[in-house]
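# Per-entry structural report
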Amino acid sequence: MQTVLVIGASGKVGRHVVAGSHAAGAKVRALTRDPLRATGRPATVVRGDLTDPRSLAAAAEGVDAVYLMWPFFTAAAAPAALDVLAGHAARVVLLSSGSVDGTIPAAAPIARFHAEVERTVEQRAAEWTILRPAGFAADSLDWAASIRAAGVVAGAFPDAAGAWIHEADIAAVAVHALLDAGHDRQRYALTGPQSLTMAEQARIIGEVTGRPVRWQTRSRAEASAQLIAEGWPDEYAEVALRVQEQLTHAPAEVTGTVADITGEPARTYRQWVADHADAFR
Ligand SMILES: NC(=O)c1ccc[n+]([C@@H]2O[C@H](COP(=O)([O-])OP(=O)(O)OC[C@H]3O[C@@H](n4cnc5c(N)ncnc54)[C@H](OP(=O)(O)O)[C@@H]3O)[C@@H](O)[C@H]2O)c1
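An account of the accompanying structure is given in this report.

Calculation rules
- All residue numbers refer to positions counted from 1 along the written sequence of the respective chain.
- With the structure being a predicted model, the display of local features is reserved for residues of pLDDT at least 70 and the display and counting of side-chain atom pairs for 80 or more, all residues being used for whole-chain, interface and lining totals.
- As a rule here, side-chain values come from all non-hydrogen atoms in the structure, and water together with hydrogens is ignored.
- The salt bridge criterion pairs a side-chain nitrogen of Lys or Arg with a carboxyl oxygen of Asp or Glu, the two atoms within 4 Å.
- Residue exposure (1.4 Å probe, protein chains only): buried if accessible area is under 20% of the type maximum, exposed if over 50%, otherwise partly exposed.
- Here a strand pair is declared whenever DSSP counts at least two bridges between the two strands.
- Per the convention used, a helix needs a DSSP run of H or I reaching at least four residues, while a strand needs a run of E reaching at least two, with both numbered from the N terminus.
- Think of each axis as a best-fit line through the C-alpha atoms, taken over the contacting stretch in the case of a helix, with angles from 0 to 180 degrees between the N-to-C directions.
- Note on contacts: a residue pair is in contact if any heavy atoms of the two residues lie within 4.5 Å.
- Nonpolar core, defined: a set of buried Ala, Val, Leu, Ile, Met, Phe, Trp, Tyr and Cys residues in which side-chain atoms within 4.5 Å join the residues together.
- By this rule the span expected of a helix is its residue count minus one, scaled by 1.5 Å.
- If a single non-hydrogen atom of a residue is within 4 Å of a molecule or strand, that residue counts as near it.
- Pairs of N or O atoms within 3.5 Å make up the polar contacts considered here, provided that, within protein, one atom can donate a hydrogen while the other can accept it, and that residues adjacent in sequence are counted only when both atoms are side-chain atoms.
- All accessibility values rest on the Shrake-Rupley procedure with a 1.4 Å probe; residue burial counts only the protein chains present in the view.
- With the strands pointing away from the viewer, any crossover whose connection runs clockwise from the first strand over the helix to the second is right-handed.

### Points about the pattern of salt bridges
For the structure shown, the criterion picks out 13 salt bridges. The salt bridge involving R54 is made with D52; its shortest N-O contact spans 4.0 Å. When its relative accessible area of 75% is taken as the criterion, R54 is described as exposed. Note on D52: relative accessible area 25%, which makes it partly exposed. Overlapping salt bridges, with partners in common, bring together R220, E238, R242 and E245 in one network.

### Section: the sheet that holds strand 5 (residues 91-95)
With parallel pairing, the 7 strands of this open sheet are ordered in space as 3-2-1-4-5-6-9. Two strands close off the open sheet at either side, each with one partner strand: strand 3 (44-47) and strand 9 (186-190). On average, adjacent strands in this sheet sit at an angle of 20 degrees to one another, irrespective of strand direction. The strands touched by helix 4 (residues 108-124) are strand 4 (65-69), strand 5, strand 6 (127-133) and strand 9; relative to strand 6, the strand with the most contacts, the crossing angle is about 160 degrees.

### Quick look at the nonpolar core
Nonpolar side chains in soluble globular proteins tend to be buried together. Counting residues in each nonpolar core, the largest one holds 93 residues, and the members touching the most others are L5, V17, L68, L85, V121 and Y269. Broken down by element, this core gets its largest block of residues, 8 residues, from helix 6 (residues 167-179). The residues touching L68, leaving out its near neighbours within four places in the chain, are I7, L50, L82, L85, V92, V93, L94, L95 and V121.

### Thoughts on helix 7 (residues 198-209)
Look at helix 7: 17 Å from first C-alpha to last across 12 residues, which is about the 16 Å you get at 1.5 Å a residue. When helix 7 is considered as a whole, its buried residues turn out to be M198, Q201, A202, I204, I205, G206 and T209. Against the buried residues of helix 7 lie helix 5 (144-150), strand 7 (152-155), strand 10 (196-197), strand 11 (214-217), helix 9 (234-249) and helix 11 (269-275). With its phi angle positive at about 80 degrees, G210 sits one or two positions after the end of helix 7.

### Let's talk about the site of the ligand
Neighbouring residues of the ligand: 23 residues in total, closest S10, T32, R33, W70 and D139. The contact in question runs from an oxygen atom of the ligand to an N or O atom on the backbone of W70, over 2.6 Å. Protein chains bury 81% of the 940 Å² of accessible surface belonging to the ligand in isolation.

### Regarding the environment of T248
With respect to the helices and strands, T248 occurs in helix 9. Between the alpha carbons of T248 and G25 there is a distance of 43 Å; along the sequence they are 223 residues apart. With residues near it in sequence (within four places) discarded, T248 still touches F157, D159 and A160. In terms of polar contacts, T248 uses its side chain to reach the backbone carbonyl oxygen of Q244, at 2.9 Å.

### Some thoughts on the pairing of strand 4
Within strand 4, 4 of the 5 residues are buried, which leaves the element mostly enclosed by the surrounding structure. In terms of strand pairing, strand 1 (residues 3-7) meets strand 4 through 3 bridges, oriented parallel. Each bridged residue has a counterpart across the sheet, and for V6 the counterpart in strand 4 is Y67. Note that strand 4 and strand 5 share 5 bridges and pair parallel. Residue pairing in the sheet places M69 in a bridge with L95 of strand 5. Taking the sense of rotation as the criterion, the β-α-β connection linking strand 4, helix 3 (residues 78-88) and strand 5 turns out right-handed.

### Focus on the environment of D101
With respect to the element layout, D101 can be found in the loop between strand 5 and helix 4. Sequence separation between D101 and G25 is 76 residues; the distance between their C-alpha atoms is 33 Å.

Below is the structure:
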């Protein structure tokens with residue numbers, strides 16, 4: 001039986017990696033900074049912090065494969081963390097970002113640190129797989145409070161078309177890369193099954209929840225203030241808007257990688273909304 005260490009186990013993708021690895025027969029260790037919040041998972045919960053390499057050593061002891069996500073806007077802590085993780089586990093599967101492939105030049109500042117983490121993984125891990133997802137369908141949870149309160153989504157770029165991916169599909173690919181042979185030294189561009197504009201996303205949320213959702217176009221300055229209020233660092237709020245502007249002129253491309261690897265079609269955005277409908281009601 002293989003043992004998998006899941007970093008970011010409480011996160012959007014990580015929780016599905018825990019469940020999927022367990023369902024596939026692996027022993028799962030779920031890493032968190034706060035074990036008290038992490039009860040009830042099909043996993044042994046271990047305390048650890050990516051900025052404290054010593055805390056990773058016990059967590060990684062005897063592990064075959066690590067699912068690694070990178071929750072920072074800098075790669076500074078990556079070499080020390082990877083020295084420990086790759087020192088214990090032969091295989092590292094990294095959740096990176098589709099921005100790294102350069103097809104959305106506006107995303108370059110985000111691509112930069114993800115690319116650096118990728119290089120760190122590739123240099124240190126005996127076996128590695130890099131997952132490069134498109135924008136998460138789950139990013140639209142940022143709209144949930146406004147939809148619940150007023151049935152409104154406000155933003156500057158209603159026609160920005162992303163290939164929004166369901167977090168469960170990223171996790172399903174991760175589980176194959178963690179547990180199966182044949183994924184070493186692969187970089188997978190992962191997307192949802194279609195490119196959809198943000199206004200179309202808002203409409204679909206309304207259709208699925210049964211409460212109409214109206215798009216309200218805001219100025220760029222207002223949209224930036226909104227992102228900063230949601231917790232984005234100022235610099236990255238501007239990057240996010242430039243990405244949306246670019247996706248308005250050049251819709252995101254769709255890949256078939258999820259289906260190729262999992263054998264199941266990538267979940268639609270409509271399916272994602274159905275899976276999270278309560279957040280919008
Ligand atoms: N959103 C998008 O559109 C998009 C697109 C492409 C790529 N990505 C990438 O996806 C990643 C986010 O993944 P996600 O959405 O699954 O995560 P998430 O839901 O944002 O969860 C964050 C996770 O990070 C863990 N964490 C935070 N600080 C930590 C630390 N110091 N040490 C150890 N763990 C720590 C948290 O664990 P605890 O709190 O339990 O410790 C939590 O599980 C980011 O790298 C992002 O750049 C996102």
